[in-house]
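# Fold and contact review
Listed below are the residues making up each chain.
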Amino acid sequence: MSLRAGIVGLPNVGKSTLFNAITNQHILAENYPFATIEPNVGIVLVKDERMNKLKEIYEPKKFIETAYEFTDIAGLVKGASKGEGLGNQFLSYIREVDAIVEVVRCFEDDNIIHVDGNIDPIRDIEEVNLELTISDLDIIQNRISKIEKKATTTKNKDDLFELETLNKAKEALEKGLFLNLIEFSEEEKKLLKSFSLLTIKPIIYLANIREEDISNATNKYVEKVKEYANKNKSYVVCLCAKIEEELSELNGEEKNEMLELVGLDKSGLDDLILKTYEILGLKTFMTVGKDEVRAWTFKDGMNAKECAGLVHSDMEKGFIKAEIFSYNDLIKYGTELKVQEAGKLRMEGKDYIMQDGDICFFRFNKSK
């Protein structure tokens, strides 16, 4: 399951520095707008201590952790929805991601230019969000103009449903509301998702702070961002992108020493990744053995047959059953054999709802 988050925000708020920290790749992070022109894509491994333990137990030939794709997108400017700056090029890149990470500058530094001349995180947020809203509104209005006459003339049920849903979305956007704040039925959500609308995606405001604010993870700007996020049913993660970039260049022992030095138990990036997983409703199951130990990402609510399809489409087509035990039981009893002797190995059918930490072996008919 390919999962992606887009890192967005105004120029010079710390997006590229954050991207460097996530991927440990050194892209441009210069002190002027549009230093990042093309989208930069990097893969970050989702840290899961359970996987390290499974690696110790099975000593596999291959070890594959869950990964998440982050895209760093060039700085947005006022008027992007109308073609200013990088315009629609910027907006088209965001449409491809599952969640938006909006970096907000919450620190003062006279040596780093701000595109609007001073620090005001709420202004910055609203400037970005306005462009996203206008862009979605344009898509909705264009679609309405194409189907409205047909829907009202033919009275086709599907066309009328689409028109009604689009008008509902249009009304919200014209009020400046993100679509993720509006109550839609599952059918309406499915329809709107087909348009890859920006404002229906979950959003995390990433408050980029100074090193001096790390211990408390707050300052006057952060508090304003949290208040705004609470009102808009969004999420906030605080970190210092500069420190995170430095941490990304250290090995395990050195990294732990630096975390202790700055007063952190874990990096801000770990919080960001976990929060992204949380808001997307993602969980992890594992497949294990001497040949391979691997983590698989799935959506909460998926059943055993659907999860088998994540491993291989043939497994879903020919699904017979899943042999499942939990990671916690494996740690408790020590070996698969002892887990089985304790009666903790289960045979589950296709409708079993998968749980986080399930360890699975899928049986399937290869001829199907």
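## A short note on the sheet that holds strand E6 (residues 203–208)
Strand order in the open sheet made by the six strands is E2-E4-E1-E5-E6-E7, with mixed pairing throughout. If you trace the sheet from one side to the other, it starts and ends with strand E2 (40–45) and strand E7 (235–239), each paired once. Here the average twist between neighbouring strands, direction ignored, is 25°. The strands that helix H4 (residues 121–154) touches are strand E5 (99–105) and E6; relative to E5, the one it contacts most, it runs at about 145°. The sheet contacts of helix H7 (residues 220–231) involve E5, E6 and E7, and relative to E7 the element is tilted by about 160°.

## Here we look at a negative patch on the surface
Together, Glu253, Glu254, Glu257 and Glu260 line one region of the surface with negative charge. By the element assignment, Glu254 lies in helix H9 (residues 252–262).

## Overview of unusual backbone geometry
If you check the backbone angles, Ser196 has positive phi at about 50° while not being a glycine. By the secondary structure assignment, Ser196 is in the loop between helix H6 (186–193) and E6. With a phi close to 55°, Ala217 is a non-glycine residue in the positive phi region. With respect to the helices and strands, the residue Ala217 is situated in the loop between E6 and H7. Take Ala217: its relative accessible area is 28%, and that puts it in the partly exposed class.

## Let's talk about the layout of surface pockets
If you add up the space inside the largest pocket, you get close to 990 Å³. Lining the largest pocket are 27 residues; nearest its centre among them are Ile200, Lys201, Pro202, Leu280 and Lys299. No other element matches H6, which puts four residues into the lining of the largest pocket. Residues that form the lining of the largest pocket fall into these classes: 13 nonpolar, four polar and ten charged.

## Describing empty space enclosed by the protein
Applying the stated rule across the entire model yields one cavity of 30 Å³ or more. Around the largest cavity, the lining residues are Leu10, Val13, Glu102, Val103, Val104, Arg105, Asp124, Ile125 and Val128. When residues of the lining of the largest cavity are assigned to their parent elements, the largest contribution, four residues, is made by E5.

## Some remarks on the nonpolar core
Within the largest apolar cluster, 59 residues are counted, with the highest numbers of intra-cluster contacts made by Leu18, Tyr68, Phe70 and Leu272. In this view, Leu272 contacts Ile22, Phe70, Val101, Ile204, Leu206 and Val237; residues no more than four positions away in its chain are not counted. By size, the runner-up hydrophobic cluster in this structure holds 16 residues, among which are Ile144, Ile147, Ala169 and Leu179.

## Focus: helix H2 (residues 49–58)
Since there are 3.6 residues in each turn of an α-helix, residues three or four apart along the chain are aligned in direction. When we look at burial in H2, the residues that qualify are Arg50, Met51, Leu54 and Tyr58. Along H2, the residues classed as buried sweep out an arc of 95° about the axis, all on the same side. Across H2 from its buried face, at more than 90 degrees, point the exposed residues Glu49 and Glu56. Of the residues one or two after H2, Glu59 is the one with positive phi, at around 45°.

## So, the packing of aromatic side chains
For any two aromatic rings, the description comes down to two numbers: the centre-to-centre distance and the angle of the planes. Under the counting rule described, the total for this entry stands at five aromatic pairs. Between Tyr205 and Tyr228, the aromatic rings sit 5.9 Å apart at their centres with planes inclined by 80°, giving edge-to-face as the arrangement. Of this pair, Tyr205 sits in strand E6 while Tyr228 is found in helix H7, placing the two residues 23 residues apart along the sequence. Relative to Trp296, the ring of Phe285 has its centre 6.3 Å away and its plane inclined at 15°; by these criteria the two rings are stacked. Remark: Trp296 occurs in strand E9 (residues 292–299) and Phe285 occurs in strand E8 (residues 282–287); sequence separation between them is eleven residues. Taking the relative accessible area as the measure of exposure, Phe285 reaches 0% and is therefore buried.

## Focus on the side chain of Asp136
Following the sequence through the fold, Asp136 ends up in helix H4. Not counting the four nearest positions on each side in its chain, Asp136 is found in contact with Arg95, Leu173, Leu197, Leu198 and Thr199.

## Examining the packing of H4 against H7
For the pair H4 and H7, interaxial distance at closest approach is 9 Å and the crossing angle is 40°. Relative to H7, the element H4 lies oblique. Taking contact as the criterion, the partners of Pro121, Ile122, Ile125, Glu126 and Asn129 in H4 are, on H7, Tyr221, Lys224, Val225 and Tyr228. Its residues assigned to classes, the contact of H4 with H7 comprises six nonpolar, one polar and two charged.

## Concerning the confidence of the model for the chain
For the chain, per-residue confidence averages 87 on the pLDDT scale, and residues scoring 70 or more make up 88% of the total. Scored below 50 in pLDDT, residues 26–37 makes 34 contacts in the model with residues more than four places away or belonging to other chains.

## Re the packing of helix H1 (residues 15–23) against helix H8 (residues 241–248)
For any two helices packed against each other, one specifies the inter-axial angle together with the distance between the axes. At their nearest, the axes of H1 and H8 sit 8 Å apart, and the two run at 25° to each other. Taken together, the axis directions place H1 and H8 in an arrangement best described as roughly parallel. In this structure, H1 meets H8 at a crossing whose hand is left-handed. Of the residues in H8, those in contact with Thr17, Leu18, Asn20 and Ala21 of H1 are Ala241, Lys242, Glu244, Glu245 and Ser248. Its residues assigned to classes, the contact of H1 with H8 comprises three nonpolar, three polar and three charged.

## Comments concerning the state of the cysteines
The tally for this structure, following the rule as stated, stands at zero disulfides. Free of any disulfide, Cys106 has its nearest neighbouring cysteine sulfur in Cys238, separated by 7.1 Å. You can call Cys106 buried: its relative accessible area is 1%.

Reading the values: the criteria
- Residues numbered from 1 in each chain as written.
- Predicted model: local features only at pLDDT ≥ 70, side-chain atom pairs only at ≥ 80, totals over all residues.
- Heavy atoms only, no water.
- Pairing = 2+ DSSP bridges.
- Helix = DSSP H or I, 4+ residues; strand = E, 2+ residues; numbered from the N terminus.
- Axes fitted to C-alpha atoms, helices over the stretch in contact; angles between N-to-C directions.
- Contact = heavy atoms within 4.5 Å.
- Patch = residues over 30% accessible without salt bridge, like charges linked within 9 Å, V, L, I, M, F, W, Y side chains within 5 Å.
- Areas by Shrake-Rupley, 256 points an atom, 1.4 Å probe, with all protein chains shown as cover.
- Salt bridge = Lys/Arg side-chain N within 4 Å of Asp/Glu carboxyl O.
- Lys, Arg positive; Asp, Glu negative; His and termini not counted.
- Charge placed at Lys NZ, Arg CZ, Asp CG, Glu CD.
- Buried < 20%, exposed > 50% of the residue type's maximum accessible area, 1.4 Å probe, protein only.
- 1 Å grid on protein atoms, 1.4 Å probe; cavity = no way out; pocket = protein on both sides within 12 Å on 5 of 7 lines; lining within 4 Å.
- Points joined across faces, edges and corners; volume = space filled by probe spheres on them.
- Nonpolar A, V, L, I, M, F, W, Y, C, P; charged D, E, K, R; others polar.
- Core = buried A, V, L, I, M, F, W, Y, C linked by side-chain atoms within 4.5 Å.
- Arc of directions from axis to C-beta.
- Phe/Tyr/Trp six-rings, centres within 6.5 Å; stacked < 30°, edge-to-face > 60°.
- Parallel < 35°, antiparallel > 145°, perpendicular 65-115°, else oblique.
- pLDDT = per-residue confidence, 0-100.
- Left-handed = near helix turned anticlockwise from the far one by under 90°.
- Disulfide = S-S within 2.5 Å.

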